[in-house]
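Next come the chains, spelled out residue by residue.
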Amino acid sequence: MKFRIYRYNPETDSEAVMQEYILEDITPGMMLRDALLRIKEEQDETLSFRHSCGEGVCGSDAININGHNGLGCITPVSELKEPVDIRPLPGRPVVRDLVVDMSQFYHHYRSVKPYLTVYEPEPEVEYLQSPEDRDKLDGLYECILCGCCTTACPSFWWNPDKFRGPAALLQAARFIEDSRDQATAERLEDLEGPYRMFRCHTIMNCADACPKGLNPTEAIGRIKQRMLKDQS
Amino acid sequence: MNHLLSGMKAWLVQRLSAVYMTIFTVATVITLATVPIAGYQDWLVLMSQPLVAAACALFVIALLLHAWIGIRDVILDYVTNLGIRLLLLSLLGAWLMLLALWSIRILLRVTT
């Protein structure tokens, strides 16, 4: 099976090249991460990429596979069209080969204050939440922060410094929807203005790219509805 | 003008204006299909009705606001140089203002 992998070392290379590798003996059920590990082990140990859990939970091995962002560890090699083009996540500075600098992504994540904010005294035992209120968090809390959605979003490519991006906005929605959170007004106020949230034009690349099947576009829609309700 | 109509307000105005323009377009097609118009005099009679004139004026306002928000969004997305962005936004604002004045003149001439 033929792979073409993006190779670039900013310290020594003047430009990136797509290097070809041929991998024989593809085993049934083999995931792309396994293929990359075998290439690194058997053919070229200088190939750099991130990976960790190997089961789609840690979000480390997000890469661009044949033009589509996804996780290497849960992408079966047998489903890919040859030659398999593997590139780093689009729009991010490359550190080495498939490893990109995600600082800005984490900056936006931090900016939405992704933690419960409570002003009243803490309850003695635990925070209570009705099953109905808990259900509102489904489809929001499962995000693994791999960055597939945000780096697939054209609005993020155009304004990466100001637009929060789908992943951070999904997290914002997760805490806005949480019945236990008491900073809803501040959260909504923070997302006002032309850039932070309203750069989203419902392109829906985020929902298409999410390896966990989440829908950040819909979450952003929920934030807008909440804003509308709060204003009227 | 950039800050007068931004964020939630701009988003809402864009959607409301779209809804109004859709209704207006359908109403216009139905009116043109049912009211016989032979010449300028018929046009004048139709347009001088207060309801028609008001609906047209509202349509012009909706169209201009919708265009301002929509094209401004495109400029904010694609033009990163602040100087060029300001220039384009000014040109857009001036052009839409000109269209507004022109529309007011037409509507006033027909209705009075």
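Residues numbered from 1 in each chain as written. Chains lettered and ligands numbered in written order. Predicted model: local features only at pLDDT ≥ 70, side-chain atom pairs only at ≥ 80, totals over all residues. Heavy atoms only, no water.

### A word on the overall build of chain B
- A tally of regular secondary structure across chain B gives 4 helices and 0 strands.
- Ordered by position in the sequence, the α and β elements of chain B form the string α-α-α-α.
- Considering only C-alpha atoms, chain B reaches an extent of 50 × 25 × 20 Å along its principal axes.
- For chain B, the proportion of its 112 residues judged to be buried stands at 29%.
- Long-range pairs, those at least 24 residues apart, make up 71% of the contacts in chain B between residues at least 6 apart in sequence.
- Accessible surface, chain B: about 7,400 Å² in total, of which carbon and sulfur atoms supply 78%. (Helix = DSSP H or I, 4+ residues; strand = E, 2+ residues; numbered from the N terminus. Buried < 20%, exposed > 50% of the residue type's maximum accessible area, 1.4 Å probe, protein only. Contact = heavy atoms within 4.5 Å. Areas by Shrake-Rupley, 256 points an atom, 1.4 Å probe, with all protein chains shown as cover.)

### Digging into the nonpolar core
Residues and elements named next belong to chain A.
- The biggest cluster of nonpolar side chains holds 37 residues, and the ones touching the most others in it are Phe-3, Ile-5, Leu-36, Ile-86 and Leu-98.
- Among the elements of the structure, β1 (2-7), α1 (32-42), β3 (62-65), β5 (84-87) and α7 (205-209) are those that each provide at least two residues to this core.
- Looking at this core element by element, the count peaks at 4 residues for α1.
- Residues from two domains meet in this core; each of domain 1 (2-100) and domain 2 (103-231) gives at least three.
- Grouped together as the second largest cluster of nonpolar side chains are 24 residues, Leu-140, Phe-163, Leu-169 and Ala-219 included. (Core = buried A, V, L, I, M, F, W, Y, C linked by side-chain atoms within 4.5 Å. Domains from an automatic or database assignment.)

### Details of helix α3 (residues 50-78) of chain B
- For α3(B), with 29 residues, the first-to-last C-alpha span of 42 Å sits near the 42 Å given by 1.5 Å per residue.
- All buried positions along α3(B) are accounted for by B:Ala53, B:Cys56, B:Ala62, B:Leu64, B:Trp68, B:Ile69, B:Arg72, B:Asp73, B:Ile75, B:Leu76 and B:Asp77.
- Where α3(B) is buried, its residues meet α4 (154-158) of chain A together with α1 (7-34), α2 (40-47) and α4 (82-111) of chain B. (Expected span 1.5 Å × (residues − 1).)

### Quick look at the packing of aromatic side chains
- What the rule picks out here adds up to 4 aromatic pairs over all chains.
- Seen from their ring centres, B:Tyr20 and B:Phe24 are 6.2 Å apart, and the 35 degrees between their planes marks the pair as tilted. One end of the pair, B:Tyr20, and the other, B:Phe24, are both in helix α1, 4 residues apart, so they sit about a helical turn from each other.
- In this structure B:Tyr20 comes out as partly exposed when scored by relative accessible area, which is 21%.
- Residue class for B:Phe24 comes out buried when judged on its relative accessible area of 15%.
- Through a chain of ring-to-ring contacts, the aromatic side chains of B:Tyr20, B:Phe24 and B:Phe59 assemble into a single cluster.
- Between A:Arg134 and the ring centre of A:Tyr141, over which it is positioned, the NZ or CZ distance is 4.8 Å. (Phe/Tyr/Trp six-rings, centres within 6.5 Å; stacked < 30°, edge-to-face > 60°. Lys NZ or Arg CZ within 6 Å of the ring centre and 35° of its normal.)

### Some details on the interface of chain A and chain B
- Contact residues are listed per partner, giving 13 residues for chain A and 11 residues for chain B.
- Both sides together, the interface formed by chain A and chain B hides about 1,200 Å², and carbon and sulfur atoms give 57% of it.
- Taken together, chain A and chain B are joined by 2 salt bridges.
- Ionic pairing is found between B:Asp77 and A:Arg199, a salt bridge with its closest N-O pair at 2.9 Å.
- Counting residues per element, the side of chain A that touches chain B draws most heavily on helix α8 (residues 216-231) of chain A, which supplies 4 residues.
- Partitioned by chemical class, the residues of the side of chain A that touches chain B number 6 nonpolar, 4 polar and 3 charged. (Buried area = accessible area lost by both parts, 1.4 Å probe. Salt bridge = Lys/Arg side-chain N within 4 Å of Asp/Glu carboxyl O. Nonpolar A, V, L, I, M, F, W, Y, C, P; charged D, E, K, R; others polar.)

### Some remarks on the pattern of salt bridges
Residue and element names in this part refer to chain A.
- Using the criterion set out here, one finds 16 salt bridges over all chains in the structure.
- With a shortest N-O distance of 3.4 Å, Arg-222 and Glu-177 are connected by a salt bridge. On the criterion of sequence distance, the pair formed by Arg-222 in helix α8 and Glu-177 in the loop between α5 (166-176) and α6 (184-190) is long-range, its members being 45 residues apart.
- When salt bridges that share partners are traced, they join Arg-7, Asp-44 and Asp-97 into one network.

### Overview of the domain arrangement of chain A
All names here are of chain A.
- Splitting chain A by domain gives domain 1 (2-100) and domain 2 (103-231).
- Summarising the inter-unit geometry, the C-alpha centres of domain 1 and domain 2 are found 29 Å apart.
- Between domain 1 and domain 2 lies a buried interface of about 1,000 Å² when both sides are counted; carbon and sulfur atoms form 57% of it.
- Together, His-68, Asn-69 and Arg-92 form the three largest contributors to the area buried by domain 1 at its contact with domain 2, with a combined 44%.

### Comments concerning the side chain of A:Asn69
Residues and elements named next belong to chain A.
- As for its placement among the helices and strands, Asn-69 is situated in strand β4 (residues 68-71).
- A relative accessible area of 5% places Asn-69 in the buried class.
- There is a polar contact of 2.8 Å between the side chain of Asn-69 and the side chain of Asn-64.
- For Asn-69, the side chain forms a polar contact with the main-chain oxygen of Cys-148, separated by 2.9 Å.
- Excluding residues within four positions of it along the chain, Asn-69 makes contact with Ile-63, Asn-64, Leu-89, Pro-90, Cys-148, Thr-151, Ala-152 and Ala-209. (Polar contact = N/O pair within 3.5 Å; in protein donor to acceptor, adjacent residues only side chain to side chain.)

### Re α4(B)
Residue and element names in this part refer to chain B.
- Its 30 residues give α4 an end-to-end C-alpha distance of 43 Å, which sits within 8% of 44 Å, the value for a rise of 1.5 Å per residue.
- Taken residue by residue, α4 has Arg-85, Leu-89, Leu-92, Gly-93, Leu-96, Ala-100, Ser-103 and Leu-107 as its buried positions.
- Elements in contact with the buried residues of α4: α2 and α3.
- One side-chain oxygen at the N-terminal end of α4 lies 2.9 Å from the backbone nitrogen of Gly-83; it belongs to Asn-81.

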